[in-house]
Amino acid sequence: MKRVKHLVFWLVVIGVVLLLFSSHVIAEDDFHRQRYALVNIIKAEVRETREFLNQESLDKQVSDALEKVPRHEFVPDDERPYAYLNRPLSIGFGQTISQPYIVAIMTDLLKLKKTDRVLEVGTGSGYQAAILAELADSVYTIEIIEPLAIRAAANLKRAGYNAVHTRTGDGYYGWEEAAPFDGIVVTAVASHIPPPLIKQLKPGGRMVIPVGAQFMTQYLVLVTKDVDGKVTARQTLPVSFVPLTGKH
Ligand code: SAM
């Protein structure tokens, strides 16, 4: 009798484990399908906005990264059902994870190579940093709100992006010890392009930054530094971002 009870116990345990595992596999599969659909929506939106962007389509490596990175791992639990809608979502502390289309074009405008070193200012959830990690050699990301920085670091680890360097601080001043960077992306709106970031950009490098003021017209600006160190800026798309805060 004792043996039978023992056997039944283990059969129940195995059943529960199998059930949990198969529901996890089904959920992951569903997320993947939603991601695929989202990438198609983004591609269509890029085509519609091609005049602003000065390019016809999204780079294949960027769309592959968007299809791979699990955005649901970077949003709070109650936002998971909406993780693959093409819109920003709340991540707490008055902050947002950016709209996937915006993440796509900001990443694409950087024209990253596999050997590049890139800096992100405004880690937020860690999602954009994970996308960058798919395309570059090393990623450095700074967040000014400590609890968000801690949570983003955990999100990145859980999703397998252990190599991303994270830090709490004011990204206006960049990351001096890790500079210079081939690419810099700022994910909060600034009234001007921070001089320390221009300084930390490599000759030949590119920076993407929203410039303007909160609740006012803002534009995504592409800053390039040529091989002789000459800096030029080009206004692309009208956007809407949370402000770059700090004491600068
Ligand atoms: N890239 C993020 C993601 O993938 O989730 C979204 C970033 S959210 C739109 C902008 C972030 O910039 C917020 O988390 C905000 O706290 C942060 N931020 C604002 N000012 C900052 C500063 N001076 N230095 C670093 N981070 C800053």
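Shown above is the structure to which this text applies.
**Side note on the packing of aromatic side chains**
Under the definition given, this model contains five aromatic pairs. Residues Y140 and W175 carry aromatic rings whose centres are separated by 5.1 Å and whose planes lie at 75 degrees to one another, so their mutual orientation is edge-to-face. With Y140 in strand 4 (residues 138–143) and W175 in the loop between strand 5 (165–168) and strand 6 (181–186), the pair connects residues that are 35 residues apart, well separated along the chain. Taken individually, Y140 and W175 each receive the classification buried, so the pair is uniform in this respect. An angle of 70 degrees between the planes, with centres 5.1 Å apart, marks the rings of Y172 and Y173 as edge-to-face. Relative accessible area serves as the criterion here: at 10%, Y172 is assigned to the buried category. You can call Y173 partly exposed: its relative accessible area is 44%. Members of the aromatic cluster, joined through ring pairs, are Y140, W175 and F181. Note that R71 overlies the ring of Y127, its terminal NZ or CZ placed 5.7 Å from the centroid.

**Remarks on helix 5 (residues 127–135)**
Counting buried positions along helix 5 gives eight out of nine residues, so the element sits mostly inside the fold. Of the positions making up helix 5, those classed as buried are Y127, Q128, A129, A130, I131, L132, E134 and L135.

What counts and what doesn't
Once a new chain begins, its residue numbering starts again from 1 and follows that chain's sequence as written. In keeping with the predicted nature of the model, local features appear solely for residues at pLDDT of at least 70, side-chain atom pairs appear and are counted solely at 80 or more, and the whole-chain, interface and lining totals rest on all residues. The side-chain values count all of the structure's non-hydrogen atoms but skip hydrogen atoms and water molecules. The pairing test for Phe, Tyr and Trp rings, Trp by its six-membered ring, is centres within 6.5 Å, and the orientation test on the planes gives stacked under 30 degrees, edge-to-face over 60, and tilted for anything in between. In DSSP terms, a helix is any run of H or I states spanning at least four residues, a strand is any run of E spanning at least two, and both are numbered starting from the N terminus. Remark: exposure states derive from per-residue accessible area (1.4 Å probe, protein chains only) relative to the maximum for the residue type, with buried under 20%, exposed over 50%, and partly exposed in between. Ring-over charges, as used throughout, are those where CZ of Arg or NZ of Lys falls within 6 Å of the ring centre and within 35 degrees of the ring normal.

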